[in-house]
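Listed below are the residues making up each chain.
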Amino acid sequence: MAGGSSRKRNGGRKRRRRRKRPNPMDQLTDDLLVEILSRVPYRSVRRFTCVSKRWRDLIAHPDHRRKLPQTLAGFFYHFYDSSPSCFVNVSGTGPPLVDASLAFLPDRERKGLNLSDSCNGLLLCHRFRIATDLDEFDYLVINPATGNWVTVPVPRRRSDTVRARLGFDPAISSHFHVFEFQLDWDWDSDGEDGHIDGDGHVLGVKIYSSETGLWSYKQSDWSDDVTLATYCKSVFVNGMLYVVATEFVIGVVDVEGKTWRIIDFPFEKPSVDAAPGYIDLLQGKLHLAIGKGDVTGDKLEIWVLEDVSSEEWTLKHTVSLMHMVGLQFVLFGYDYIVAAVHPDRNMVFFIFGDDKALMSYDMDSGKVCVIRKLGRNCSQYFGIPYVPLLSESMADGQQ
């Protein structure tokens, strides 16, 4: 008989079922998976909640959330008088997420405390040992989310002849660095009050390592004289500190003071007196916000450095000040300043007007929102963005 069953044609062999290969991610323990998630950007962690119920529950668990990256929570700001610092949530609503008075510090540490910088969840402050003596001061590095803090003593020198910035990356190390740039200011104590010589450019940098507990000094090796912009934020990434200079360049130095670089702005320095730009990280890339103007009106430009090695800038976004604040001519750095670029969203925060309104601008939707009017007495040039660091990762912290 022709034909026959397939079973007979295959010699009676049964069809072999293919085994399903196990998912390698399922083999990871919860602790190991949380450790991996703690090293990826906040936006990625949010997306990973959709991977599976297990991942969603791990990310949402209160014990694990302390290890995972956070996003922008709000801003520290202060007033021209002696009032304590304040904090405003990025939403502008609800009680402050952070106690800006830093009540966990001993009273002796809170007296004469001034906020200088922030970096990845830590604050850099300086405290005068004697309120009337600018020569006697210490640095304090503080984690407001955990109440940990470290005192960094400094040699005797005037606080207004240096510019200090903080470098810290918890994904790489629990240790931090304080960069203290030495400026070319020479105070004449025997001459007229307030008389100084020099042009304020950077002579060198003293770098403090919390790992060694020591300061080291390196003379500036920048190819040109660099004068740091007083109120502009620095950026610390991959062991390198980026600072804005009034010469419309970005100075770069590493944690050992061995590598010095200059990154030019994507345009020539304006001929008129203009404020330098603002730098920040958005989705891990360096962004530059700068005010530009012509006969048609003023505008805000956002540039992105796609590759720090090639130093090629790309114009990402342009918006008119008429759209942002309803005025055609508004001078960048004077009538308004940029307070932050959101680390995970295409959003810019700025402070504008006599009432010092903290506002946001969404580059995707074009929406402008007033978060809060900080008040006429608020220091316009002082809005320190803050991203909480919930893990106990600051080495040698006191409590």
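Counting starts from 1 at the beginning of each chain's written sequence and moves along it residue by residue. In view of the model being predicted, local features appear only for residues whose pLDDT reaches at least 70, and side-chain atom pairs are presented and counted only at 80 or more, with totals across whole chains, interfaces and linings using the full set of residues. For side-chain calculations, the full set of non-hydrogen atoms in the structure is used, while hydrogens and water are omitted.

Is there a simple way to explain the pairing of strand 23 (residues 357–362) in this structure?
Within a regular beta strand, the side chains point alternately toward one face of the sheet and then the other, so they alternate between its two faces. Throughout, exposure labels follow a simple rule: accessible area from a 1.4 Å probe, protein chains only, divided by the maximum for the residue type, with under 20% read as buried, over 50% as exposed, and the rest as partly exposed. Counting from the N terminus, the helices are the DSSP runs of H or I reaching at least four residues and the strands are the DSSP runs of E reaching at least two. Of all six residues in strand 23, six are buried, a share of seventy percent or more. A two-sided burial pattern is seen for strand 23, the buried positions comprising A357, M359 and Y361 on one face and L358, S360 and D362 on the other. Should DSSP find at least two bridges between two strands, the strands are taken to pair. Bridging between strand 22 (residues 347–352) and strand 23 involves six bridges; their strand directions are antiparallel. Residue pairing for strand 23: F349 is matched across the bridge by S360.

Which parts of the structure should I look at to understand empty space enclosed by the protein?
Any empty space left between the atoms is revealed when a probe the size of a water molecule rolls over them. Residues are called lining when one of their atoms sits within 4 Å of a cavity or pocket point, these points coming from a 1 Å grid over the protein atoms alone, where a cavity is a set in which a 1.4 Å probe fits but cannot get out and a pocket is an open set with protein on both sides within 12 Å along at least five of seven lines. Grid points are joined across faces, edges and corners, and a volume is the space filled by probe spheres set on the points. Applying the stated criterion across every chain, the model contains one cavity of 30 Å³ or more. Counted as a void, the largest cavity has a volume near 40 Å³. Forming the walls of the largest cavity are R163, R165, L228, A229, C232, V243 and V244. For the lining of the largest cavity, the elements supplying multiple residues, two or more each, are strand 7 (162–168) and strand 14 (240–245). Here the nonpolar group is Ala, Val, Leu, Ile, Met, Phe, Trp, Tyr, Cys and Pro; Asp, Glu, Lys and Arg are the charged ones; every other residue, Gly included, is treated as polar. Of the residues assigned to the lining of the largest cavity, the class counts are five nonpolar, no polar and two charged.

Is there a simple way to explain the packing of aromatic side chains in this structure?
We describe a pair of aromatic rings using the distance from one ring centre to the other and the angle between the two ring planes. Two aromatic rings from Phe, Tyr or Trp, using only the six-membered ring of Trp, form a pair when their centres are within 6.5 Å; if the ring planes differ by under 30 degrees the pair is stacked, by over 60 it is edge-to-face, and anything between is tilted. In this structure the tally under the stated criterion is 16 aromatic pairs. Seen from their ring centres, Y139 and W215 are 6.4 Å apart, and the 45 degrees between their planes marks the pair as tilted. Taken as a pair, Y139 in strand 5 (residues 137–143) and W215 in strand 12 (residues 214–219) lie far apart in primary sequence, 76 residues in all. With a centroid separation of 6.3 Å and 35 degrees between ring planes, the pair formed by F176 and Y208 is classed as tilted. Highlighted residues: F176 in strand 8 (residues 176–183) and Y208 in strand 11 (residues 202–209), separated in sequence by 32 residues. By relative accessible area, which is 0% here, F176 ends up buried. With relative accessibility at 9%, the residue Y208 sits in the buried group. Put simply, the rings of Y139, F176, Y208 and W215 pair up and form one aromatic cluster. Charges are assigned to positions over rings by a cutoff of 6 Å between ring centre and Lys NZ or Arg CZ, combined with an angular limit of 35 degrees from the ring normal. Over the ring of F267 we find K292; its NZ or CZ atom is 4.1 Å from the centre of that ring.

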